Amino acid sequence: MYDIFIKTHFAGAHHLRDYPGDCEKPHGHNWKVEVMVRAAELDNCGMGIDFKILKRIVKEVIDKLDHHDLNTLPWFQEKNPSSEHIAEFIFEGVSDLLPDDNCSLQRVMVMETDSQGLYYYGK
Ligand SMILES: Nc1nc2c(c(=O)[nH]1)N=C([C@H](O)[C@H](O)COP(=O)(O)OP(=O)(O)OP(=O)(O)O)CN2
Ligand SMILES: [Zn+2]
């Protein structure tokens, strides 16, 4: 069993509706993201999934968030753009793009700062 991950980041603005404090006001973060995929077997190159492929897939999803006001995106109209919901957005987006031959999406980590964040494992 192999857990293969890539790390990336994006910048964005958001505000948290109904939040009882400063986070209700517009502000920004440089979110850090880790995406981990599990592979049971390796291909003939000795890879669970090529980092290059995983990075391309994750970039396609992250590009939808990078340098955006997250509150303006359709996905975040019903759901507040908390780090938890951002992780859900990334998880769903990567799941849709991941080739389903040899590996499955295991978890997405989203960090607002180096000292706070979360792991999301899917529904
Ligand atoms: N579980 C979560 N908690 C919070 C989230 C979140 O996405 N998930 N988000 C926020 C806000 O985005 C806020 O910007 C961050 O809050 P906070 O850590 O309080 O920011 P401060 O810079 O004010 O931190 P201090 O250490 O208090 O200075 C809030 N919570
Ligand atoms: Zn915030």
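Structure's up top.
Residues numbered from 1 in each chain as written. Chains lettered and ligands numbered in written order. Predicted model: local features only at pLDDT ≥ 70, side-chain atom pairs only at ≥ 80, totals over all residues. Heavy atoms only, no water.

Caption draft 1: Expanded view of the overall build of the chain. The number of helices and strands found in the chain is two helices and five strands. Each helix and strand of the chain, ordered N terminal to C terminal, gives the series β-β-α-β-α-β-β. Whereas a compact globule of 123 residues would reach a radius of gyration of roughly 14 Å, the chain reaches 15 Å, a difference of no more than 12%. Oriented by its inertia axes, the alpha-carbon framework of the chain measures out at about 50 × 30 × 25 Å. Taken across its 123 residues, the chain has 40% of its residues classed as buried. Considering only residue pairs separated by 6 or more positions, the chain has 65% of its internal contacts joining residues 24 or more positions apart. Of the roughly 7,400 Å² of accessible surface on the chain, 51% is carried by carbon and sulfur atoms. For the chain, the separation between the mean place of its 13 positive charges and that of its 21 negative charges on side chains is 3 Å. (Helix = DSSP H or I, 4+ residues; strand = E, 2+ residues; numbered from the N terminus. Rg over C-alpha atoms; globule rule 2.2 N^0.38 Å. Buried < 20%, exposed > 50% of the residue type's maximum accessible area, 1.4 Å probe, protein only. Contact = heavy atoms within 4.5 Å. Areas by Shrake-Rupley, 256 points an atom, 1.4 Å probe, with all protein chains shown as cover. Lys, Arg positive; Asp, Glu negative; His and termini not counted. Charge placed at Lys NZ, Arg CZ, Asp CG, Glu CD.)

Caption draft 2: Representation of the side chain of Glu34. By the element assignment, Glu34 lies in strand β2 (residues 27-39). Classification of Glu34 by relative accessible area gives buried; the value is 7%.

Caption draft 3: Inspection of the coordination of the zinc ion (ligand 2) at higher detail. The zinc ion (ligand 2) binds to the protein through His14 (NE2), His27 (NE2) and His29 (NE2), with metal-donor distances spanning 2.0 Å. Among the residues examined, His14 registers a relative accessible area of 1% and is labelled buried. Taking relative accessible area as the criterion, His27 reaches 23% and is therefore assigned partly exposed. (Donors = N, O, S within 2.8 Å, 3.2 Å for Na, K, Ca; no water.)

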